[in-house]
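Here is how the chains run, residue by residue.
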Amino acid sequence: MLNQLKKIRIVNLLMLTVAGIVNAFGITIFLKPVKLYDSGISGTSMLLDQMTPAFLTLSIFLLVLNIPLFLFGLKKQGKLFTVYAIYTVAIYSLFAWLITDVLPVDVSIASPLAGTDLLLCALFGGVISGVGSGLAIRYGGAMDGIEVMAVIFAKRLGVTVGTFVMIYNVLLYIICGIVLRSWILPLYSIVTYAAALKTIDFIVEGVDRAKCAIIITEMPEEICEALGETFSSGMTQLEAKGGYSNREKAMIYFVVNRYQVIRMRDIVHEIDPSAYITITEVADVFSSNNNRN
């Protein structure tokens, strides 16, 4: 345990602090005042906050529901992740309490920034909470224990992690609709969920994702030389053989940004018109600055 705690980085704790504060701001300023719901345990906590006595606040439910789930997933996710996740939720819970109960901000009946406009509250609440959740994931933590449960149980149930989380949220919004006897707020909450998901993707994977080109060619030396001179970046070359022609070929693995794809394609086909190119997205690229392979 001590060895794991020695790996805790100050920069991660600082960014997780920011993540918790940002998430608390999005939830308490935009969603909670108009009774819109976040996803996962956060959304469940918001529903329970509305259904229970006043002393059982959102902050209490966030801690009571999330921390046991993180501890339950300790073996699967590791000690460092669990410490980071519990810390993030604690910051989220603390600042949610400060905003709703301590600071001179009235969030009882309307959003201080968007009023009672449900669409604005849903969009901005989703985007801001998505920034918080994305930062938490990017710096080694998590904002919601339901994702830990998804990692543990999804495979056993024969579904993907994303499907598990989606099923949980659909059930949550159905329960919200039944409890409220209205489907307007649950439907707007789906808008919040969609906005948050897209924002998390941007934060975790980057807005401008790289492109991976796999080039199958019989002229690898010429193509590698031309691509290297044009883009000043390295590539990897592997031996390959045509499945139909049985001829010796090469596979070139090359990463570019989306603005370079067309130029790369034109260069390759100028040298080898019969070259076969596939393009896929790459979320992250890790390499030393002078790595030319």
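Residues numbered from 1 in each chain as written. Predicted model: local features only at pLDDT ≥ 70, side-chain atom pairs only at ≥ 80, totals over all residues. Heavy atoms only, no water.

Novice: Could you clarify how one ought to interpret the confidence of the model for the chain in this entry?
Specialist: Predicted coordinates in areas of low pLDDT are best not read in detail. Put simply, the chain has an average pLDDT of 87, and 92% of its residues get 70 or more. Confidence, expressed as mean pLDDT per element, reaches its minimum in the chain at helix α1 (residues 2–5) with 57 and its maximum at helix α2 (residues 10–31) with 95. (pLDDT = per-residue confidence, 0-100. Helix = DSSP H or I, 4+ residues; strand = E, 2+ residues; numbered from the N terminus.)

Novice: Quick question: what am I supposed to make of the environment of Leu-123 here?
Specialist: Within the secondary structure, Leu-123 sits in helix α7 (residues 118–138). Apart from the residues within four sequence positions on either side, Leu-123 is in contact with Val-191 and Ala-195. (Contact = heavy atoms within 4.5 Å.)

Novice: Honestly, unusual backbone geometry in this entry has me stumped. Any pointers?
Specialist: Apart from glycine, the bulk of residues carry a negative phi angle, and the bulk of peptide bonds sit in the trans form. Of note, Lys-35 is a non-glycine position whose phi angle comes to about 65°, a positive value. Residues other than glycine seldom take positive phi values, yet Arg-181 does so here, at roughly 60°. Mapped onto the elements of the fold, Arg-181 is located in the loop between α9 (161–180) and α10 (184–205).

Novice: Please explain the pattern of salt bridges as it appears in this structure.
Specialist: All chains considered together, the criterion is met by 6 salt bridges. Ionic pairing is found between Glu-218 and Arg-247, a salt bridge with its closest N-O pair at 2.8 Å. Note that Glu-218 is positioned in the loop between β1 (210–217) and α11 (220–231) and Arg-247 in the loop between β2 (236–241) and β3 (248–256), a separation of 29 residues in sequence. For Glu-218, a relative accessible area of 36% corresponds to the partly exposed category. (Salt bridge = Lys/Arg side-chain N within 4 Å of Asp/Glu carboxyl O. Buried < 20%, exposed > 50% of the residue type's maximum accessible area, 1.4 Å probe, protein only.)

Novice: How should I be thinking about helix α4 (residues 58–72) in this particular structure?
Specialist: Side chains of residues three or four places apart in an α-helix project in the same direction, reflecting 3.6 residues per turn. Helix length check: α4 (15 residues) gives 22 Å between terminal C-alpha atoms against 21 Å at 1.5 Å per residue, within 8%. Taken as a whole, α4 has its buried residues at Leu-58, Ser-59, Phe-61, Leu-62, Asn-66, Leu-69 and Phe-70. Elements in contact with the buried residues of α4: α2, α3 (40–51), α5 (74–77), α6 (79–102) and α8 (146–157). (Expected span 1.5 Å × (residues − 1).)

Novice: I would appreciate a short explanation of the environment of Val-261 in the present structure.
Specialist: Inspection of the secondary structure assignment puts Val-261 in helix α12 (residues 261–271). With 233 residues separating them along the chain, Val-261 and Thr-28 place their C-alpha atoms 43 Å apart. In contact with Val-261, other than residues within four places in its own chain, are Lys-211, Val-256 and Ile-279.

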